[in-house]
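Remarks on the overall topology
Next come the chains, spelled out residue by residue.
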Amino acid sequence: MNMEINRPIPDFELPAFDGRLHRLSDHRGKIVIVNFWSCECPHSERTDRAIMSMLVQHLHRAAAKRAVQVWSDDVVLLTIASNKNESADAIKTVAEARQLPAVLLDENCRVADQFGAQTTPYVFVVDHEGILRYRGAVDDVTFRRRVPSHFFLDEAVESLLEGHLPALTESPAFGCAIVREI
């Protein structure tokens, strides 16, 4: 199943390491980045740095623009681990080392299948009302382009924060295949 751009995303619920359940609907009213992620994929590692850097940059820019509300109050990152070949311990160790917010465990690939995610990283940007506005790659890295020059995720989030729809709504995701069976 593939989620349709400009359509509402069905709710989902997944546990984090501490056993707490997280729902997409818990973040209604905010922009949500759903990031399908792998602790073993080098592309996930590369984009983790890019996403965390983007968070920090937006935090500083937002603080300069508006004294009261900052980017981190407007945007939530939900990182989802769906690979069957990655243990919960390995996921937790890598997530902590990379200082990621809570990583949610999709042990049966139910949510990855619901979203149609095939690779890691694969991002989906959901607006304040729960509508999918972007899906695909974080940036323009491919086999031929090893250094990013275009940051699709950043542009999609910025557009929504500025009150308009992203110009680009979809790009091919590039990374490691999500392992559904071992």
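In this report, we go over the structure that sits alongside the text. For clarity, every value in this text was computed on a predicted model and none was experimentally measured.

For the protein chain, the count of helices and strands is five helices and nine strands. In the protein chain, buried positions account for 49% of the 182 residues. The contacts of the protein chain with a sequence gap of at least 6 include a subset with a gap of at least 24, amounting to 74%. About 9,200 Å² of surface is accessible on the protein chain, with carbon and sulfur atoms providing 52% of the total.

Where burial is concerned, most of helix α5 (residues 152–161) is hidden: eight out of the 10 residues are buried. Of the residues making up α5, those classed as buried are F152, L153, D154, A156, V157, E158, S159 and L160. Phi turns positive one or two residues past the end of α5, at G163, with a value near 90 degrees.

It is worth spelling out the sheet that holds strand β4 (residues 75–81) at this point. Here we have five strands laid out as an open sheet, ordered β5-β4-β3-β7-β8, and mixed in their pairing. In this open sheet, the two edge strands, each paired with only one partner strand, are β5 (103–105) and β8 (132–136). Ignoring strand direction, the axes of neighbouring strands in this sheet form an average angle of 20 degrees. Direction of pairing for strand β3 (residues 31–37) relative to β4: parallel, over a ladder of seven bridges. Pairing of F36 across the sheet is with I80, part of β4.

Turning our attention to the side chain of H27. Here H27 is to be found in the loop between β2 (21–23) and β3. The exposure class assigned to H27 is buried, which follows from its relative accessible area of 17%. Not counting chain neighbours up to four residues away, the residues in contact with H27 comprise V32, V76 and L78.

Most peptide bonds are trans, and most residues other than glycine sit at a negative phi. Cis geometry marks the peptide bond from T120 to P121, where omega comes out at -5 degrees. In this fold, P121 is placed in the loop between β6 (119–120) and β7 (122–126). For N6, which is not glycine, the phi dihedral falls at a positive 65 degrees. By the secondary structure assignment, N6 is in the segment before β1 (13–15). Overall, N6 belongs to the partly exposed group, its relative accessible area being 40%. For C109, which is not a glycine, the phi torsion comes out positive at approximately 60 degrees. Here C109 lies in the loop between β5 and α4 (110–115).

This brings us to the nonpolar core. Nonpolar side chains tend toward joint burial in soluble globular proteins. Within the largest apolar cluster, 24 residues are counted, with the highest numbers of intra-cluster contacts made by F12, V34, F36, I80, F115 and F124. Listing elements by their share of this core, those giving two or more residues are β3, β4, α4 and β7. With residues up to four places along the chain from it excluded, the contact list for F12 reads H22, R23, L24, L78, I80, L104, V111, Q114 and F115. I31, V125, V138 and A156 belong to the second largest nonpolar core, which has 16 residues in total.

Definitions and limits used
- Residues numbered from 1 in each chain as written.
- Predicted model: local features only at pLDDT ≥ 70, side-chain atom pairs only at ≥ 80, totals over all residues.
- Heavy atoms only, no water.
- Helix = DSSP H or I, 4+ residues; strand = E, 2+ residues; numbered from the N terminus.
- Buried < 20%, exposed > 50% of the residue type's maximum accessible area, 1.4 Å probe, protein only.
- Contact = heavy atoms within 4.5 Å.
- Areas by Shrake-Rupley, 256 points an atom, 1.4 Å probe, with all protein chains shown as cover.
- Pairing = 2+ DSSP bridges.
- Axes fitted to C-alpha atoms, helices over the stretch in contact; angles between N-to-C directions.
- Core = buried A, V, L, I, M, F, W, Y, C linked by side-chain atoms within 4.5 Å.

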